[in-house]
Amino acid sequence: MDGLLFGAAMKRILREYLGFLVMLGVCLVVLKFSPTLGRRVFQIAFRNVLFMLSVIPPIFILVGLFDVWVPKEKVMKHLGDTSGFVGTAISLALGAFTAGPLYAAFPVAEVLLKKGVSLKNVWIFLGAWSTMKIPLLLFELQNLGALFALTRYGMSFLGVLGIAWVLERVIDPEEKRLIRLPFTEEWKKTKESDIMGKQVL
Amino acid sequence: MSDLSTYLLYAFALAWFFFSLARDRKKTEQALRRAWRSFLGILPPFAFLILLLSLVVVFLPQEAIARFLGEKSGFLGYFIASIVGAVTLIPGFVALPMAKLLLEHGAGVAQMAVFISTLMMVGVVTAPLEARYFRFRATLWRNLLAYFYSFLVGYAVWMAFFLVRR
């Protein structure tokens, strides 16, 4: 049983690293046929891995600590009944401080919609999540320098607000209602009665 | 500059870590476990892309990278950078070292800013998922707006470097 589990875990790890292993194979072939070029490939890769390993530990430790000490749920609790400037600021902060890829943001957006947060603020949250993450800003500062990172961050801030502002205006009220509909109480009730109806039949 | 910010980060992370350890041992362990998991999560694509890019920069001469993604690559460079950014799903922690490596080998800052911005804000692959929450029309609008805005970001970064270099 344990062996089976171990085998499954190994298979998963192997699949995750398949691309890397193929690349490693290619690099080794290069090294075999052209030691000069091959050595340069490994030198460049090694230098970059070393750089990454030297700058990333504090960032990830901060992400972990933040996740544990400031849970998302706590922040979201305050979001439902705030609007205007405060709501926008909290939406921005919620997106910027939590960790995760964009597809992980949608379930959080769903919670926000259920709590009645305005669509504009949900779009701001999505924008901040996608491009204003603080851990990534720190990493960008180290990789690409302050001028690059801060200019891009400032532009992202304006862009996130601007895009939400435009969306608020180009999406008509009917479409907005349709977006909100699945996240409202009435919808849940009609769904439930649907299911009950089928059970009766 | 980057050295200083790295030291500051280490100092800040360590300070918080010891504070956290003193307050709650269990929570601290949990935080470290999460940190380690996040790291393991980006390791496979990072290892793959660093090797791939090392191959690319060794085999493509600097002039070729400059022609396609360099300062003077013009519309073509922006176009390539924006399409690659919009279509691919590369984690930010992998994309930033990638951009650094390309910058060191002939790519332009504006092109890299466009690449990073479209990568983070535009999601062609995630669009179906996004549409499940926000429906088709809003998803299309958001991605289009983000796509075109990314060129403005590239322009701003180019401008910033232009002004500082002068």
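We now turn to the structure provided with this report. Computed from a predicted model, the values in this text were never measured in an experiment.

Rules used in this analysis
Residues numbered from 1 in each chain as written. Chains lettered and ligands numbered in written order. Predicted model: local features only at pLDDT ≥ 70, side-chain atom pairs only at ≥ 80, totals over all residues. Heavy atoms only, no water. Helix = DSSP H or I, 4+ residues; strand = E, 2+ residues; numbered from the N terminus. Rg over C-alpha atoms; globule rule 2.2 N^0.38 Å. Contact = heavy atoms within 4.5 Å. Salt bridge = Lys/Arg side-chain N within 4 Å of Asp/Glu carboxyl O. Buried < 20%, exposed > 50% of the residue type's maximum accessible area, 1.4 Å probe, protein only. Polar contact = N/O pair within 3.5 Å; in protein donor to acceptor, adjacent residues only side chain to side chain. Buried area = accessible area lost by both parts, 1.4 Å probe. Nonpolar A, V, L, I, M, F, W, Y, C, P; charged D, E, K, R; others polar.

## A look at the overall build of chain B
Part 1 of the argument: What chain B contains, in helices and strands, is 7 helices and 0 strands.
Part 2 of the argument: Helices and strands in chain B line up, N terminus first, as α-α-α-α-α-α-α.
Part 3 of the argument: For a compact globule of 166 residues, the expected C-alpha radius of gyration is about 15 Å, and chain B comes in at 19 Å, more than 25% above that figure.
Part 4 of the argument: Along the three orthogonal principal directions, the C-alpha set of chain B runs to about 55 × 45 × 35 Å.
Part 5 of the argument: Long-range contacts, defined as pairs at least 24 residues apart, comprise 75% of the intrachain contacts of chain B with a sequence gap of at least 6.

## Remarks on the pattern of salt bridges
Residue and element names in this part refer to chain A.
Part 1 of the argument: What the rule picks out here adds up to 15 salt bridges over all chains.
Part 2 of the argument: A salt bridge links Glu16 to Arg12; the shortest N-O distance between them is 3.3 Å. One end of the pair is Glu16 and the other is Arg12, both in helix 1 (residues 2-16) and 4 residues apart, which spans about a single turn.
Part 3 of the argument: On the accessibility criterion, Glu16 (39% relative accessible area) is partly exposed.
Part 4 of the argument: Residue Lys176 is joined to Glu168 by a salt bridge in which the shortest nitrogen-to-oxygen separation is 4.0 Å.

## Observations concerning the side chain of B:Thr28
Residue and element names in this part refer to chain B.
Part 1 of the argument: Positionally, Thr28 belongs in helix 2 (residues 25-59).
Part 2 of the argument: Within the local environment of Thr28, its side chain forms a polar contact with the side chain of Ser20, the two groups lying 2.7 Å apart.
Part 3 of the argument: Within the structure, the side chain of Thr28 is placed 2.6 Å from the backbone oxygen of Asp24, a separation counted as a polar contact.
Part 4 of the argument: If near-sequence neighbours (up to four positions away) are discounted, Thr28 is found in contact with Phe17, Ser20 and Leu21.

## Regarding the interface of chain A and chain B
Part 1 of the argument: Listed by partner, the interface residues are 75 residues for chain A and 73 residues for chain B.
Part 2 of the argument: Each partner contributes to the roughly 7100 Å² buried at the junction of chain A and chain B, and carbon and sulfur atoms together form 80% of this total.
Part 3 of the argument: Between chain A and chain B we count 5 salt bridges in total.
Part 4 of the argument: Applying the counting rule to chain A against chain B returns 11 residue pairs in polar contact (both at pLDDT 80 or more).
Part 5 of the argument: Looking at the side of chain A that touches chain B, the elements that each hand over two or more residues are helix 2 (18-33), helix 3 (35-69), helix 6 (105-114), helix 7 (119-131), helix 8 (134-144), helix 9 (146-170) and helix 10 (173-180) of chain A.
Part 6 of the argument: It is helix 3 of chain A that contributes the most residues to the side of chain A that touches chain B, 26 residues altogether.
Part 7 of the argument: Residues of the side of chain A that touches chain B, tallied by class, amount to 56 nonpolar, 10 polar and 9 charged.

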